[in-house]
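A look at the structure
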Amino acid sequence: MKKLSVQIRAELEVPDDWELVEHPSGMQVLRIGEQFVDFDIAPLVTRSSDPEAEWSDEDATIVGAVLDTVVDIDVDLDLRSGE
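Parameters and conventions
- Residues numbered from 1 in each chain as written.
- Predicted model: local features only at pLDDT ≥ 70, side-chain atom pairs only at ≥ 80, totals over all residues.
- Heavy atoms only, no water.
- 1 Å grid on protein atoms, 1.4 Å probe; cavity = no way out; pocket = protein on both sides within 12 Å on 5 of 7 lines; lining within 4 Å.
- Points joined across faces, edges and corners; volume = space filled by probe spheres on them.
- Nonpolar A, V, L, I, M, F, W, Y, C, P; charged D, E, K, R; others polar.
- Patch = residues over 30% accessible without salt bridge, like charges linked within 9 Å, V, L, I, M, F, W, Y side chains within 5 Å.
- Areas by Shrake-Rupley, 256 points an atom, 1.4 Å probe, with all protein chains shown as cover.
- Salt bridge = Lys/Arg side-chain N within 4 Å of Asp/Glu carboxyl O.
- Helix = DSSP H or I, 4+ residues; strand = E, 2+ residues; numbered from the N terminus.
- Buried < 20%, exposed > 50% of the residue type's maximum accessible area, 1.4 Å probe, protein only.
- Pairing = 2+ DSSP bridges.
- Axes fitted to C-alpha atoms, helices over the stretch in contact; angles between N-to-C directions.

As a further point, take the layout of surface pockets. Quantified by volume, the largest pocket comes out at close to 1900 Å³. Split into classes, the residues belonging to the lining of the largest pocket amount to 22 nonpolar, five polar and 13 charged.

Rendered as C-alpha coordinates:
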(Lines give C-alpha, C1' and ligand atoms only; values in the text may rest on other atoms or scores of the structure.)
Protein backbone atom coordinates (compact mmCIF):
# COMPACT_ATOMS: atom_id res chain seq x y z
CA MET A 1 0.00 0.00 0.00
CA LYS A 2 1.30 3.48 -0.88
CA LYS A 3 0.81 6.63 1.20
CA LEU A 4 -0.44 9.85 -0.39
CA SER A 5 0.01 13.10 1.51
CA VAL A 6 -2.26 16.01 0.58
CA GLN A 7 -1.65 19.52 1.89
CA ILE A 8 -4.33 22.12 1.26
CA ARG A 9 -3.89 25.71 2.34
CA ALA A 10 -6.58 28.30 1.77
CA GLU A 11 -6.87 31.92 2.83
CA LEU A 12 -10.36 33.39 3.08
CA GLU A 13 -11.37 37.02 3.59
CA VAL A 14 -14.35 36.77 5.92
CA PRO A 15 -16.81 39.29 7.42
CA ASP A 16 -15.94 40.75 10.81
CA ASP A 17 -18.87 39.03 12.53
CA TRP A 18 -17.56 35.52 11.71
CA GLU A 19 -15.52 34.18 14.61
CA LEU A 20 -13.46 31.20 15.73
CA VAL A 21 -14.99 29.34 18.67
CA GLU A 22 -14.56 26.05 20.42
CA HIS A 23 -17.41 23.70 19.59
CA PRO A 24 -18.74 21.59 22.49
CA SER A 25 -17.04 18.59 20.81
CA GLY A 26 -13.68 20.26 21.55
CA MET A 27 -12.93 21.25 17.94
CA GLN A 28 -12.02 24.79 16.95
CA VAL A 29 -14.52 25.89 14.30
CA LEU A 30 -15.80 28.96 12.53
CA ARG A 31 -19.11 30.34 13.80
CA ILE A 32 -21.31 32.10 11.28
CA GLY A 33 -24.43 33.31 13.04
CA GLU A 34 -25.88 30.26 14.78
CA GLN A 35 -24.07 27.73 12.58
CA PHE A 36 -20.71 26.04 13.10
CA VAL A 37 -18.39 25.43 10.14
CA ASP A 38 -15.48 23.00 9.98
CA PHE A 39 -13.25 22.30 6.99
CA ASP A 40 -12.62 18.88 5.58
CA ILE A 41 -11.21 17.21 2.51
CA ALA A 42 -13.76 16.85 -0.31
CA PRO A 43 -12.58 14.80 -3.30
CA LEU A 44 -13.96 15.98 -6.64
CA VAL A 45 -14.35 13.67 -9.65
CA THR A 46 -14.71 13.95 -13.44
CA ARG A 47 -14.68 11.42 -16.27
CA SER A 48 -13.69 14.07 -18.80
CA SER A 49 -10.18 14.82 -20.00
CA ASP A 50 -11.41 18.18 -21.35
CA PRO A 51 -9.50 21.13 -19.86
CA GLU A 52 -12.88 22.75 -19.12
CA ALA A 53 -14.26 19.62 -17.43
CA GLU A 54 -16.74 20.00 -14.61
CA TRP A 55 -15.72 18.43 -11.31
CA SER A 56 -18.16 17.32 -8.61
CA ASP A 57 -18.61 15.09 -5.59
CA GLU A 58 -21.77 13.50 -7.02
CA ASP A 59 -20.19 10.07 -7.65
CA ALA A 60 -20.73 8.81 -4.11
CA THR A 61 -19.00 5.49 -4.82
CA ILE A 62 -15.62 6.93 -5.82
CA VAL A 63 -15.81 9.81 -3.32
CA GLY A 64 -16.59 7.30 -0.57
CA ALA A 65 -13.73 5.04 -1.69
CA VAL A 66 -11.28 7.97 -1.48
CA LEU A 67 -12.60 9.14 1.89
CA ASP A 68 -12.36 5.58 3.25
CA THR A 69 -8.58 5.75 2.71
CA VAL A 70 -8.12 8.81 4.96
CA VAL A 71 -6.30 7.67 8.10
CA ASP A 72 -5.59 11.09 9.62
CA ILE A 73 -6.71 14.66 9.04
CA ASP A 74 -5.76 17.82 10.89
CA VAL A 75 -7.40 21.21 10.48
CA ASP A 76 -5.75 24.33 11.90
CA LEU A 77 -7.75 27.57 11.87
CA ASP A 78 -6.25 31.02 12.48
CA LEU A 79 -8.31 34.22 12.38
CA ARG A 80 -6.53 37.57 12.18
CA SER A 81 -7.69 41.14 11.68
CA GLY A 82 -7.24 42.62 8.20
CA GLU A 83 -3.94 44.31 7.55
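Having put the structure on the table, let's press on.
This part is about a nonpolar patch on the surface. A cluster of nonpolar side chains, Leu-12, Phe-39, Leu-67, Val-70, Ile-73 and Val-75, forms an exposed patch at the surface whose accessible area comes to about 460 Å². On the secondary structure map, Leu-67 appears in helix H1 (residues 60-68). Accessibility expressed as a relative area gives 36% for Leu-67, which makes it partly exposed.

We now examine the sheet that holds strand S3 (residues 35-37). Strand pairing in a sheet is mediated by backbone hydrogen bonds. Such pairs are either parallel or antiparallel. A sheet is described by the order of its strands in space; here three strands give the open sequence S1-S2-S3, paired in antiparallel fashion. Because the sheet does not close on itself, it has two edges, and the strands there are strand S1 (19-22) and S3. The average angle at which neighbouring strand axes cross in this sheet is 45 degrees, direction not considered. Across four bridges, the pairing between S1 and strand S2 (residues 28-32) is antiparallel.

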